[in-house]
Amino acid sequence: MTTEMQDESEIFRGTTTGATQLRDKRSVRGTPKAGMPAFVLGEELADLAETDPRIVVGTADLASANRTNDFRDRHPHRFVNFSIAEKNMITAAAGMASCGLIPYVATFASFSAILGAEQIRTDCAYPRMNVRVLGSHSGMSMGFYGSSHHALEDLAMLRCIADLKVVCATDANHLRAVLRASVEHPGAMYIRLGRGRDPVVYDTVPDISFDRAIRLREGQDLTIIACGSQVRAALDAANELQQDGISARVVDMFTIDTIDADEVRSAAEDTGAILTVEEHNITGGLGSAVAEVLLDLPRVPFRKHGVPDKFVEVGPPAALYAHYRLDKAGVTEVARELLARKA
Amino acid sequence: MTRTTGGNVSHEVLEDRAKFIRKETVRLSRIAGAGHYSSTFSCAELLASLYYDQMRIEPTQPGWPERDRFVMSKGHAAIGLYPVLADLGYYDPSELDTYTRLGSNFGDHPDMKKGRGLDFSSGSLGHGLSVGVGMALAGRMQSHDFRTYVMLGDGELSEGQIWEAVNSAGHFKLRNLVVLVDVNGLSIDGHTEDVMSIEPLGDRFAAFGWDVQRIDGHDLTAIRHAFAALERADSGKPQVIIADTVKGRGVARMEMSLDWHVGNLVGEDYDDVMAELDAGLKPIEPEATQ
């Protein structure tokens, strides 16, 4: 059994009681824990709820997978499992919000964002309810579970909804920052999460604002604007390019809607080439949002990199990332292709 | 605090307020040039009984946390709700003269951000009961004793989300949740039983763990008794009042007619219908309900 296969088996089992055993097994197998942070979603929300009685949490039969069970264990009376009924969960969250609560409702992004898109629009965004819809296991991180369980369209579908803040959590510490900042955000939010053991980008909890991207690395030759899982890949690619004397700026554009237009503008003006990288369909997501800003600026070489507009192949996540060039090697390669156009 | 119970408003007053709802629906529809007459007429007695007698509300404090909630899941009947809220003092009745005009607070479907006293927005059918489930859950979590009322149409019972919500309310034993189903028998394309059967509706709710009452939804006395039974209920279950009604009730030409889901009364027709409504409800023509 490869490490990759073992990771897949954990998607549904999560990491509570079973988790410890699995982690023990993994450590026996030599996988460093630091590279596989536990899903902090439920733990962070439970911490926040200690001092904020408005915070409640719901899930749709995935309390183990998204670790909202960590919240349930500490605040059982403020936790609701709606079972496999995502539409009811999201709309009920809106009803709860209308009574002054701040519900965080979580399930796989394929179901919260895509199945629940109309409920998010009509019941959360339109009445400006303080609902936070969380979509975990986004992109194609569900690997061989297949396209029904992937969410490669969620950003495109949701960023055109008025009065809805759309953000991507990058890693565990960043997720903590997003959750902390979300409490006082007025109105509805969609928060896109990875599988919960995302590669580390932030060693500490960063200071964030939902209007401002985070510039992680300075550079002069191009800017890689990434979100979610691809921020780590972008940083790794930038380090790789540095070996050849190419200086790449890296921006974590976690704030998909509203996009940080000033940061895009600076990227164009300062580095003269922009590569966007996202674990999302190439149509309508981060790349499109950045392109919409660039339309008003003098033209610079620009490349959208993501998943082509086709349903993806079956495979373990790491194999899929490699296949679609959404890893260090792939992003490095695409960056070189873009720079060739700049010259 | 203890709940105040209904039953304190006279039959005559409620009858008059139901007439008011119907006449205002006709008046506002003329401003818009179109209106959902018949879906509103079918629930006029239910609305009047709820707002003028049954619900615990304080119009001077629309945000009062302990108030009873009302969700008009069949949002196209909001035209009958707006005049009630104005009449109760949530806003100046003259504001209704802007109904559906550019920038108005009052559209065909209700927007809670704009209309004081609206506990939730609606329009997309099948959502309202989930909203009510959330409100009832919130009331329980916050230790409030308010009750949440949700008005469903019979046509929207074909929406799957309704049954997710029915199931969850039964499972969570939301005793503070009351559903009124306005079974007016018609959806846009025909008789509900022909388009998509919803019967046996009482058995369906009961199977999901609800207490069920079934009444004539135009009989104010029956409505009063049904509400009184809510106060006595001790099963711990959510409550549904299935109200058999007549779509278009009150205007003979509209009763059980498929032509009046949306319409526009003008000229003499407008005057005739207002006069007919002024005269009060007449017995239903037997063929109308066939």
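Residues numbered from 1 in each chain as written. Chains lettered and ligands numbered in written order. Predicted model: local features only at pLDDT ≥ 70, side-chain atom pairs only at ≥ 80, totals over all residues.

All names here are of chain A. The mixed open sheet is built from 7 strands, whose spatial order is β2-β1-β3-β4-β6-β5-β10. Two strands lie at the open edges of the sheet, namely β2 (79-81) and β10 (255-257), each paired on one side alone. On average, adjacent strands in this sheet sit at an angle of 20° to one another, irrespective of strand direction. The pairing of strand β4 (residues 132-136) with strand β6 (residues 188-192) spans 4 bridges and is parallel. For L134, the partnering residue across the bridge sits in β6 and is I191. Across the face of the sheet, helix α7 (residues 117-125) comes into contact with β4, β5 (164-168) and β6 while running at roughly 145° to β6. (Pairing = 2+ DSSP bridges. Helix = DSSP H or I, 4+ residues; strand = E, 2+ residues; numbered from the N terminus. Axes fitted to C-alpha atoms, helices over the stretch in contact; angles between N-to-C directions. Contact = placed C-beta atoms within 7 Å.)

A separate point is the interface of chain A and chain B. With 25 residues of chain A at the contact, the number on the chain B side is 23 residues. Elements represented by at least two residues in the side of chain A that touches chain B include exactly α5 (86-97) and α7 of chain A. The dominant element in the side of chain A that touches chain B, judged by the number of residues it contributes, is α5 of chain A, at 8 residues.

Once that is clear, we can look at the nonpolar core. Counting 172 residues, the largest nonpolar core has I224 and A234 of chain A together with L47 of chain B as its most contacted members. Inspection of this core shows a minimum of three residues originating in each of domain 1 (3-192) and domain 2 (214-342) of chain A. When residues no more than four places from it in sequence are discounted, the contact partners of A234 of chain A are I224, A226, V250, V277 and V331 of chain A. (Core = buried A, V, L, I, M, F, W, Y, C linked by C-beta atoms within 7 Å. Buried ≥ 20, exposed ≤ 12 C-beta atoms within 10 Å, placed from the backbone. Domains from an automatic or database assignment.)

Attention shifts here to the sheet that holds strand β6 (residues 211-216) of chain B. All names here are of chain B. With parallel pairing, 5 strands are arranged side by side in an open sheet as β1-β2-β3-β7-β6. Strands with a single pairing partner mark the edges of an open sheet, and in this sheet they are β1 (69-72) and β6. Each neighbouring strand pair of the sheet contributes to a mean axis angle of 20°, computed without reference to strand direction. Of the strand pairs in this sheet, β6 and strand β7 (residues 239-244) are connected by 6 bridges, and their pairing is parallel. Pairing of I215 across the sheet is with A243, part of β7. Across the sheet, helix α9 (residues 220-232) touches β3 (177-183), β6 and β7, and the angle it forms with β6 is around 165°.

Moving on to the domain arrangement of chain A. Residue and element names in this part refer to chain A. Examined at the domain level, chain A breaks down into domain 1 (3-192) and domain 2 (214-342). In this complex, domain 1 contributes 25 residues to the contact, which on the side of domain 2 involves 26 residues. In terms of residues, the side of domain 1 that touches domain 2 owes the most to one element, β5, which gives 5 residues. Counted by class, the side of domain 1 that touches domain 2 contains 10 nonpolar, 9 polar and 6 charged residues. (Nonpolar A, V, L, I, M, F, W, Y, C, P; charged D, E, K, R; others polar.)

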